[in-house]
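Chain by chain, the residues run as shown.
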Protein chains: 2
Amino acid sequence: MGKIINGKEVALKVKEDIKNFISNRKEKDLKIPKIASILVGNDGGSIYYMASQEKVAVSLGAGFLKVTLPETSKNEDVISEIHKLNEDKDVQGIILQLPLPSNFDEKKIIKEISPSKDIDCLTFESQGKLYMGEPKFLPCTPNSVVTLIKSLNVDIVGKNVVVLGRSNIVGKPVAQLLLNENATVTICHSKTKNLREVCRVADILVVAIGRPKFIDETYVNEDAIVIDVGTSSFEGKITGDVDFDKVIDKCKLLTPVPGGVGALTTTLLIKNACEALEQNEY
Amino acid sequence: MGKIINGKEVALKVKEDIKNFISNRKEKDLKIPKIASILVGNDGGSIYYMASQEKVAVSLGAGFLKVTLPETSKNEDVISEIHKLNEDKDVQGIILQLPLPSNFDEKKIIKEISPSKDIDCLTFESQGKLYMGEPKFLPCTPNSVVTLIKSLNVDIVGKNVVVLGRSNIVGKPVAQLLLNENATVTICHSKTKNLREVCRVADILVVAIGRPKFIDETYVNEDAIVIDVGTSSFEGKITGDVDFDKVIDKCKLLTPVPGGVGALTTTLLIKNACEALEQNEY
């Protein structure tokens, strides 16, 4: 099974770096990174992610502040909490758990997050900086994709990368980050003609469409590196967009789901908080 | 020469729409669009563009306010002018002529432009909205490319579009806009391997690399629509990235330089000012 790209192993290395960064600061009596996470209402997924973020943050030595608001609160209440956290010099990163309950104006609220603390890359300003090639923070899932590819020590320059999916949170930013790495990038989607042929010539294929087991062995070539960003619930199991059993025997390297891209995202969020701390000190 | 895509003709149609929009408003005693253009120093190119923008704006019935500052002024002077224009209810669009003289902090100044008046799409917020698929205004040169393609009444959906060049002002936003039109988009650049082969299978090829006559007939197929965004000075003439004489006989349709993409950009800037006026009224 040497063909499997192990997200947990890559995450362990990043975690070591973060631990060292924080413990060095503690020894020197310097400020340590602290993340504030805002949860509005009781969305099950959001509660799960928040708990998992807290667990990773605390395990690495970072601070984690939970701010919870009832579903009955108003836009202004959430904005007021964001303003307090923007001003709080001990908080480096602000995470707003999405989606908000439907009675809230998500766009209006997101734009109040200070770009210097927007470690989840939610604001238009953060997105603009990303696409203009001057990101303050890298969005975590796209960064996880690129970090996994880089961990393989392959030369990305000039490689034929095909990104399947064009969402704002994965497809488009992944394409941007791989373009920054000097890959030739093709973005495909549901309207692409000859999708199989386009995917099959990819040196690196990134799949983020949210359709479980959509990609089988006919979509890849023998030398392909395949990164599966899908996480759908399928027959009671978290399942990727790639039909793992069929593709693993044909391609060169493949990320599993779970244990691939997703194994790295929360760690990269904490890393962003460390970078925020360094950026804001200067 | 039915193979030539005539930018001036397309511009004429857009100009008619703008003229009608403005004269209808005048008849009803409603506010008409007014653009403020800020020129700092004496850059020849900037003076030329400003004069040309004024000419088009006035010819269409729009207002045009020139704000000039000496090269000896300071960042704060430019910012103060921008703040005044942000507050001025008669001004719908603000253009900052770039590049600024080297003693100015361009980034610091640009971010002061109100996103609701940023008709040239310069701020990070405008760029973020563009890439998130919620643009307030479309940047003029990329919009010119898409407007020319749409004027041909070809079906863009699922088409294989190759964008050669990845600049912030052309390549990347063009790719984004054509992705919004449901094309399959490949972004190529100087590090792309087999560039000729990649370009040759394009249904639509957009070239924006600033290398005069770089693209010859070996880069295109017989059915290709070729959009040339290049404007270099070559042997004393404004010259595109496409070797016109060699490509026109092979491809299906081609934009000339001058008279193609560039013939439309200023008109689209005025159109943005009209849209700003409508957006800000509600």
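Just so you know, these numbers come straight off a predicted model, no measurement behind them. (Residues numbered from 1 in each chain as written. Chains lettered and ligands numbered in written order. Predicted model: local features only at pLDDT ≥ 70, side-chain atom pairs only at ≥ 80, totals over all residues. Heavy atoms only, no water.)

Caption draft 1: Expanded view of the UniProt feature "domain: Tetrahydrofolate dehydrogenase/cyclohydrolase catalytic" (unreviewed entry) in chain A. Under the present numbering, the feature "domain: Tetrahydrofolate dehydrogenase/cyclohydrolase catalytic" (unreviewed entry) in UniProt falls on residues 5-120 of chain A. Between the end C-alpha atoms of residues 5-120 of chain A there is a gap of 25 Å, over a span that is 47% helix and 16% strand. (UniProt positions renumbered as here; feature names shortened; annotations may be inferred. Helix = DSSP H or I, 4+ residues; strand = E, 2+ residues; numbered from the N terminus.)

Caption draft 2: Region of the structure containing the sheet that holds strand S3 (residues 93-96) of chain A. Residue and element names in this part refer to chain A. Taken in spatial order, the three strands of this open sheet run S2-S1-S3, and their pairing is parallel. The sheet terminates laterally at strand S2 (63-69) and S3, the two strands that pair on one side only. For this sheet, the mean inter-axis angle between neighbouring strands, taken without regard to orientation, is 20°. Relative to S2, helix H2 (residues 44-59) is tilted by about 160°, and along the sheet it contacts strand S1 (34-40), S2 and S3. (Pairing = 2+ DSSP bridges. Axes fitted to C-alpha atoms, helices over the stretch in contact; angles between N-to-C directions. Contact = heavy atoms within 4.5 Å.)

Caption draft 3: Structural view of the pairing of strand S7 (residues 225-228) of chain A. Residue and element names in this part refer to chain A. Side chains of S7 alternate between two faces, with Ile225 and Ile227 and Val226 and Asp228 buried alike. Two elements, S7 and strand S10 (residues 253-254), share two bridges in a ladder whose sense is parallel. Within the sheet, the bridge partner assigned to isoleucine 225 lies in S10 and is leucine 253. (Buried < 20%, exposed > 50% of the residue type's maximum accessible area, 1.4 Å probe, protein only.)

Caption draft 4: Layout of the UniProt feature "binding site: NADP(+)" (unreviewed entry) in chain A. Residues and elements named next belong to chain A. In this structure's numbering, the residues bearing the UniProt feature "binding site: NADP(+)" (unreviewed entry) are Gly165, Arg166, Ser167 and Thr231. With respect to the helices, strands and loops of the structure, glycine 165 is situated in the loop between strand S4 (160-164) and helix H7 (171-180). Note on glycine 165: relative accessible area 5%, which makes it buried. Those residues in contact with glycine 165 that sit more than four places away from it in its chain are Gly171, Ile187, Cys188, Ala208 and Ile209. In this structure, serine 167 sits in the loop between S4 and H7. Reaching out from serine 167, the side chain makes a polar contact with the backbone nitrogen of valine 170 at a distance of 3.0 Å. (Polar contact = N/O pair within 3.5 Å; in protein donor to acceptor, adjacent residues only side chain to side chain.)

Caption draft 5: The interface of chain A and chain B, seen in detail. The interface of chain A with chain B comprises 29 residues on the first partner and 29 residues on the second. For the pair chain A and chain B, the summed buried surface comes to about 2800 Å²; carbon and sulfur atoms form 58% of the total. A per-residue breakdown of the area chain A buries against chain B is headed by A:Phe124, A:Met132 and A:Leu179, which together make up 23% of the total. Scanning the region where chain A abuts chain B turns up two salt bridges. Here B:Lys107 ties to A:Glu134 by a salt bridge, and the two come within 3.1 Å at their closest N and O atoms. Here chain A is connected to chain B by 19 residue pairs in polar contact (both at pLDDT 80 or more). Of all the secondary-structure elements, those providing two or more residues to the side of chain A that touches chain B are helix H5 (124-131), H7 and strand S5 (184-188) of chain A. (Buried area = accessible area lost by both parts, 1.4 Å probe. Salt bridge = Lys/Arg side-chain N within 4 Å of Asp/Glu carboxyl O.)

Caption draft 6: How the structure looks around the environment of B:Gln97. Residue and element names in this part refer to chain B. By secondary structure assignment, the location of glutamine 97 is in the loop between strand S3 (93-96) and helix H4 (106-110). With relative accessibility at 6%, the residue glutamine 97 sits in the buried group. Apart from the residues within four sequence positions on either side, glutamine 97 is in contact with Ser37, Ile38, Leu39, Ser46, Tyr49, Met50 and Gln53. In this structure the side chain of glutamine 97 is engaged in a polar contact, spanning 2.8 Å, whose partner is the side chain of serine 37.

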